[in-house]
Amino acid sequence: MKIYKSKKNLIYMLGFLFLSSIFFGVSVYLDSGGKLGGGKIFVLVFLSFFILFNLITTFLRKVTIESGKLTIKTLFTNKTVLLEDIQDIGVIRLKGRYSVLIYFDDGFAMLPSTISGFKEIVDTIKSSCKSEVADKLDELNEKTLRNQSALGISFLLFANIFLISLGIYNLFV
């Protein structure tokens, strides 16, 4: 049995982004002298909870490969499919990552590239599926995945720097 979880650097970056959003919210509150309107408070709280929700869902995501079965577990779903029963695959390119949609009799499951060992999982799927299905995964090579991962981490790094910079600006300028 092989168990794969979300990449640790992604979890750390999201955790730091959550703390940065709280720092930014506190700085806005202090900058206004504690006189924020309800709409601004709602936006700041929503931002922090949105980041926290993404952190929790990313942290709890798990992929297991055991005895020819692929199981993708998230906060809300738990999908299991026999690798030989995969009927079709779709590759979706999102900002900073790829997602593989795996179609089978009972529905579909989404496998994000934010899982550590993603390339190994893709290779396992390719070796277990029919050739016309496996060919759809050819665009997911090592270089492409590395570039997309760097883009996603760069975005999170920029978001952290942005929120911290604005927070410092609010407090000291």
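Here, the structure is the one placed above.
Please read all numbers here as calculations on a predicted model, not as lab measurements.

Thresholds applied
Residues numbered from 1 in each chain as written. Predicted model: local features only at pLDDT ≥ 70, side-chain atom pairs only at ≥ 80, totals over all residues. Heavy atoms only, no water. Patch = residues over 30% accessible without salt bridge, like charges linked within 9 Å, V, L, I, M, F, W, Y side chains within 5 Å. Areas by Shrake-Rupley, 256 points an atom, 1.4 Å probe, with all protein chains shown as cover. Salt bridge = Lys/Arg side-chain N within 4 Å of Asp/Glu carboxyl O. Helix = DSSP H or I, 4+ residues; strand = E, 2+ residues; numbered from the N terminus. Buried < 20%, exposed > 50% of the residue type's maximum accessible area, 1.4 Å probe, protein only. 1 Å grid on protein atoms, 1.4 Å probe; cavity = no way out; pocket = protein on both sides within 12 Å on 5 of 7 lines; lining within 4 Å. Points joined across faces, edges and corners; volume = space filled by probe spheres on them. Pairing = 2+ DSSP bridges. Axes fitted to C-alpha atoms, helices over the stretch in contact; angles between N-to-C directions. Contact = heavy atoms within 4.5 Å. Phe/Tyr/Trp six-rings, centres within 6.5 Å; stacked < 30°, edge-to-face > 60°. Lys NZ or Arg CZ within 6 Å of the ring centre and 35° of its normal.

1. Side note on a nonpolar patch on the surface
Thinking step 1. Taken together, the side chains of F16, L19, I22, F23, V26, Y29, L30, I168, Y169, L171, F172 and V173 present a nonpolar region at the surface, about 1200 Å² in accessible area.
Thinking step 2. Elements with a contribution of two residues or more to the nonpolar patch: α1 (8-31) and α5 (142-172).
Thinking step 3. Sort the elements by how many residues they give to the nonpolar patch and α1 lands first, with seven residues.
Thinking step 4. You can call L30 exposed: its relative accessible area is 53%.

2. Regarding the layout of surface pockets
Thinking step 1. In this model, the largest pocket occupies a volume close to 1200 Å³.
Thinking step 2. What lines the largest pocket is a set of 44 residues, and nearest its centre among them are L10, T58, R61, R97 and T114.
Thinking step 3. Residue assignment for the lining of the largest pocket shows that the elements contributing at least two residues are α1, α2 (38-60), β7 (107-112), α3 (118-128) and α5.
Thinking step 4. The greatest single-element share of the lining of the largest pocket, amounting to 12 residues, is contributed by α5.

3. What to know about the sheet that holds strand β2 (residues 62-66)
Thinking step 1. What the four strands build is an open sheet, ordered β1-β2-β3-β4; its pairing is antiparallel. For this open sheet the edge positions go to β1 (2-5) and β4 (78-82), each flanked by a neighbour on one side alone. The sheet shows a mean angle of 15 degrees between the axes of neighbouring strands, taken without regard to direction.
Thinking step 2. The sheet contact formed by β2 and strand β3 (residues 69-73) spans five bridges and is antiparallel. The residue bridging I65 from the neighbouring strand is L70, located in β3.

4. Remarks on the sheet that holds strand β5 (residues 88-94)
Thinking step 1. With antiparallel pairing, three strands are arranged side by side in an open sheet as β5-β6-β7. Since the sheet does not close on itself, it has two edges, and those belong to β5 and β7, each with one partner. For this sheet the average axis-to-axis angle between neighbouring strands, irrespective of direction, equals 20 degrees.
Thinking step 2. Those strands touched by α3 are β5, β6 (97-104) and β7, and its axis lies near 145 degrees from that of β7.
Thinking step 3. Packed onto the sheet, α5 meets β5 and β6 and runs at close to 120 degrees relative to β6.

5. Side note on the packing of aromatic side chains
Thinking step 1. Applying the stated criterion to the full structure yields five aromatic pairs.
Thinking step 2. Seen in terms of ring centroids, F46 and F50 are 6.3 Å apart; in terms of plane orientation they differ by 20 degrees. Their pairing is stacked. Here F46 and its partner F50 are both found in helix α2, four residues apart, which amounts to about one turn of the helix.
Thinking step 3. Clustering of aromatic rings is evident, with ring pairs tying together F42, F46 and F50.
Thinking step 4. Its guanidinium or amino end placed over the ring of F108, K79 lies 5.5 Å from that ring's centre, counting from NZ or CZ.

The values are spatial; any link to function lies outside them.
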